[in-house]
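# Fold and geometry: a report
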Amino acid sequence: MRISFGPLPSSAALAVFAHKDVVLTRGAQARDDAGRIARAGQVARFEGDTASILELLAPQGVDASRLLVVGLGAAGKADRGAFERIGGALAAKLLTSGETVLAIDMDGVDDIGVSRAEAAARIAYGALLRSYRFDKYRTKLKDKQKPSLADIVIANAGDSAGKIFERLKATADGVYFTRDLVSEPANVIFPESFVARCREAMAGTGITIEVLGQTEMAKLGMGALLGVAQGSVRQPQLLAMRWDGTGGAQPRPAVFVGKGVTFDTGGISIKPAGGMEDMKWDMGGAGAVAGAMLALAKRKAKAHVIGVCGLVENMPDGNAQRPGDVVTSMSGQTIEVINTDAEGRLVLCDAIWWAQETFNPEIVVDLATLTGAMIISLGHEHAGVFSNDDGLAQQLIEAGAAAGDPLWRLPMGDAYDKLIDSPIADMKNVGPRDGGSITAAQFIKRFVKDGVKWAHLDVAGTVWSAKAAPLWDKGATGYGVRLIDAFVEANLEAK
């Protein structure tokens, strides 16, 4: 998708705007000399609600193949998120319509909650996010199923729209990268190929990459992570990506750690067959961390950030970890493995401990598709956040709200922590059925060092969607990339 800011092209699909109760902007007024829009709006019950669209095909007297009147909502109320949804709605409407060019006229789009330039850039951003398709393996698509929309031109956008969009485009590139990683099947994306994809995508960006293999991790005593991987022929990897946009001015980085189980059968505690194919996206946390690192580097974020991905495949062969096994983590703490399908926390505990030992961070945030219990609690609308620091939790919640990746905080405490005590080891990897997401967070917290601000984001319900939404189609959502990017910009970047 090519997006540009300039004069309106002729003979393209044309989008203009109307406020709530159909108060037309100047761009729309100029094309309604005969009152066609007003009459069509009455017939279609179009009221100008945010991101609603009134479509007129081959309109008489208008140099456009179709005219789209887009609702702005109530005057003065449209914010950045509203304009992103507007861009997404336009892209969804025209992506496979046969139209190749969409022209958007911002003339008169002034009585809004942001500048016109910001609005135009956000429309472009939303359209780009919603345009993503993963058709790599679809060889028999009919022409009507194939994307046709190739260009969006936004006119009367304001002088700074292009510069604002350039910054947003970097984030969109990160989202696209994450969606690609999460969408790929497990025979294509496994620990070693995940690393290879990151090396390729991040070459020349300024990101430095370090990778530990099985031998190096064994020497460090990562028995928890390696226990998960031992049933697979795929070699585990620990990937670290460093971006320092401060030139060394911030010696202690923030670290984001992603769970990267590239396929999760559940191991010996095997999952039901129905729906197991979805477990290719159990590396969604690692995918988000990788995409966020790419976005930060592309926009030259003035922050020191490290992304760590613990990459394994959880399989049930003759060498697989058994329920009842006891493993020793890198921290020296021992873990009784009650359920081999509670594997993500075993990966994270060693990855988080290694990150703290290696980088001495002030902040550690992990992202993981960790528990089905989180989906029961919050559905697919929010990810859960757990934290040992109220300030960090609030910063993440605010960043998620601003970016469109919402979070909801859940409790922690000693009563929950006692539920994972083991009679034969320091802890067990699962507690009772009740409060499953909370006891999982309590497990991870035992591997966070004193003085380190930590948050755990359980993104099990948000990295993949069974239905289309304003900024994504069915499939990988890219959840977490925009959240991390917004958090870094608001809280970590040098001002």
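Residues numbered from 1 in each chain as written. Predicted model: local features only at pLDDT ≥ 70, side-chain atom pairs only at ≥ 80, totals over all residues. Heavy atoms only, no water.

### As for the overall build of the protein
Applicable threshold: Only DSSP runs of H or I reaching four residues or more are called helices, and only runs of E reaching two or more are called strands; each is numbered from the N terminus. Throughout this description, buried means an accessible area under 20% of the type-specific maximum (1.4 Å probe, protein chains only), exposed means over 50%, and partly exposed covers the range between. Should any heavy atoms of two residues lie within 4.5 Å, those residues are considered in contact. Surface accessibility in these figures is a Shrake-Rupley result with a 1.4 Å probe; residues are shielded only by whichever protein chains are displayed. Charged-residue counts in this description rest on Lys and Arg as positive and Asp and Glu as negative, His and the chain ends being excluded. Charge positions are represented by NZ for Lys, CZ for Arg, CG for Asp and CD for Glu.
What the protein contains, in helices and strands, is 15 helices and 20 strands. When burial is assessed residue by residue, the protein has 56% of its 495 residues classed as buried. Put simply, 77% of the contacts in the protein that link residues at least 6 apart link residues at least 24 apart. With the model as given, the accessible surface of the protein reaches about 19700 Å², and the carbon-plus-sulfur share is 49%. Treating the 53 positive side-chain charges of the protein as one cloud and the 58 negative ones as another, the clouds have centres 4 Å apart.

### Some details on the side chain of Ser 269
Note the following rule: Nitrogen and oxygen atoms within 3.5 Å of one another constitute a polar contact, given that in protein one can donate a hydrogen and the other can accept it, and given that sequence-neighbouring residues count only through two side-chain atoms.
Tracing the backbone through its elements, the reader meets Ser 269 in the loop between β10 (254-264) and α9 (284-298). Looking at Ser 269, its side chain comes within polar contact range of the side chain of Asn 339, at 3.3 Å. Ignoring anything within four residues of it in the chain, the contact list for Ser 269 reads Pro 323, Asn 339, Thr 340 and Asp 341.

### Considering helix α15 (residues 481-491)
Residues that lie three or four places apart on an α-helix share one face, since the helix turns once every 3.6 residues. In terms of residue burial, α15 counts as a mostly covered element, since 8 of its 11 residues are buried. For α15, the full list of buried residues reads Val 481, Arg 482, Leu 483, Ile 484, Asp 485, Ala 486, Phe 487 and Val 488.

### Regarding the packing of aromatic side chains
Inclusion rule: Centres within 6.5 Å make a pair out of two Phe, Tyr or Trp rings, where for Trp the six-membered ring is used; the pair is then stacked when the planes are under 30 degrees apart, edge-to-face when over 60, and tilted otherwise. Whether a charge sits over a ring depends on NZ of Lys or CZ of Arg being within 6 Å of the ring centre and within 35 degrees of the ring normal.
Taken as a whole and judged by the stated rule, the model has 6 aromatic pairs. Consider the rings of Trp 354 and Phe 359, whose centres lie 5.4 Å apart with planes at 90°: the pair is edge-to-face. Its end group placed over the ring of Phe 190, Arg 234 keeps NZ or CZ at 3.7 Å from the ring centre. Lying over the aromatic face of Trp 353, Lys 449 brings its terminal NZ or CZ to 5.0 Å of the ring centre.

### So, the sheet that holds β10
The test is simple: Here the rule is simple: two strands pair whenever DSSP picks up at least two bridges between them. The angle between two axes is taken between their N-to-C directions and runs from 0 to 180 degrees, where each axis is a line fitted to C-alpha atoms and a helix contributes only its stretch in contact.
Pairing in this open sheet of 8 strands is mixed, and the strands run β8-β9-β11-β10-β14-β18-β15-β16 from one edge to the other. Strands at the two margins of the open sheet, each flanked by one partner only, are β8 (208-212) and β16 (407-409). Strand-to-strand twist of the sheet, defined as the mean angle between neighbouring strand axes without regard to direction, takes the value 20°. Pairing analysis gives 6 bridges linking strand β14 (residues 363-368) to strand β18 (residues 453-458), with the strands arranged parallel. Within β18, the residue paired with Asp 366 across the bridge is His 456.

### A closer look at the packing of helix α6 (residues 191-202) against α9
Using the following cut-off: In what follows, roughly perpendicular refers to angles from 65 to 115 degrees, roughly parallel to angles under 35, roughly antiparallel to angles over 145, and oblique to any angle outside these ranges. Crossings are assigned a handedness: left-handed for a near helix turned anticlockwise from the far helix by less than a right angle, right-handed for a clockwise turn. Residues are grouped as follows: Ala, Val, Leu, Ile, Met, Phe, Trp, Tyr, Cys and Pro are nonpolar; Asp, Glu, Lys and Arg are charged; every other residue, Gly included, is polar.
The interhelical angle for the contact between α6 and α9, taken along N-to-C directions, is 15°, at an axis separation of 11 Å. One finds that α6 runs roughly parallel with respect to α9. You can see that α6 and α9 cross each other, and the crossing is right-handed. Residues Phe 194, Cys 198, Ala 201 and Met 202 of α6 touch α9, and the partners they reach there are Ala 286, Gly 287, Ala 290, Met 293 and Leu 294. Taken together, the residues of the contact of α6 with α9 sort by class into 8 nonpolar, 1 polar and no charged.

### Observations regarding the pairing of strand β2 (residues 12-19)
Among the 8 residues that make up β2, 8 are buried, leaving the element largely enclosed by the rest of the structure. As paired strands, β2 and strand β6 (residues 101-105) are joined by 3 bridges and run parallel to one another. Considered in β6, the bridge of Ala 13 is made with Leu 102. Where β2 meets strand β3 (residues 23-24), 2 bridges bridge the pair, whose relative direction is antiparallel. Bridge pairing links Ala 18 to Leu 24 in β3. Joining the antiparallel neighbours β2 and β3 is a turn of 3 residues, in which Asp 21 adopts a positive phi near 65°.

### A word on the environment of Thr 328
Looking at the secondary structure, you find Thr 328 in strand β12 (residues 326-328). Assessed through its relative accessible area of 42%, Thr 328 is described here as partly exposed. Taking C-alpha positions, Thr 328 is 26 Å from Gly 372, a pair spaced 44 residues apart along the chain. Excluding its chain neighbours within four sequence positions, the residues that come into contact with Thr 328 are Gly 221, Met 222, Gly 223, Ala 224, Gln 333 and Thr 334.

### Digging into unusual backbone geometry
Residues other than glycine seldom take positive phi values, yet Asp 21 does so here, at roughly 65°. If you trace the backbone, Asp 21 turns up in the loop between β2 and β3. Asp 21 gets classed as exposed once you look at its relative accessible area, which sits at 60%. Unlike most non-glycine residues, Asn 360 shows phi in positive territory, near 50°. Take Asn 360: it is sitting in the loop between α10 (344-359) and β14. On the basis of relative accessible area, Asn 360 is assigned to the partly exposed category, the value being 45%.

### Thoughts on the sheet that holds β12
Ordered by their spatial adjacency, 3 strands build an open sheet running β12-β13-β17, and the pairing between neighbours is mixed. Single-partner strands in this sheet number two, and they are β12 and β17 (427-428). In this sheet, strand β13 (residues 334-336) lies alongside β12 in antiparallel orientation, the contact comprising 3 bridges. Residue pairing in the sheet places Val 327 in a bridge with Ile 335 of β13.

### With respect to the pattern of salt bridges
This is how the line gets drawn: By convention in these notes, a salt bridge is any Lys or Arg side-chain nitrogen within 4 Å of a carboxyl oxygen on Asp or Glu.
Here the structure, examined in full by the defined rule, presents 35 salt bridges. Two residues, Arg 116 and Asp 110, come together in a salt bridge whose shortest N-O distance is 2.9 Å. Where Arg 133 meets Asp 135, a salt bridge forms, and the shortest distance between an N and an O atom there is 3.0 Å. Arg 133 sits in the partly exposed class, given a relative accessible area of 25%.

So yeah, pure geometry; function would need other evidence.
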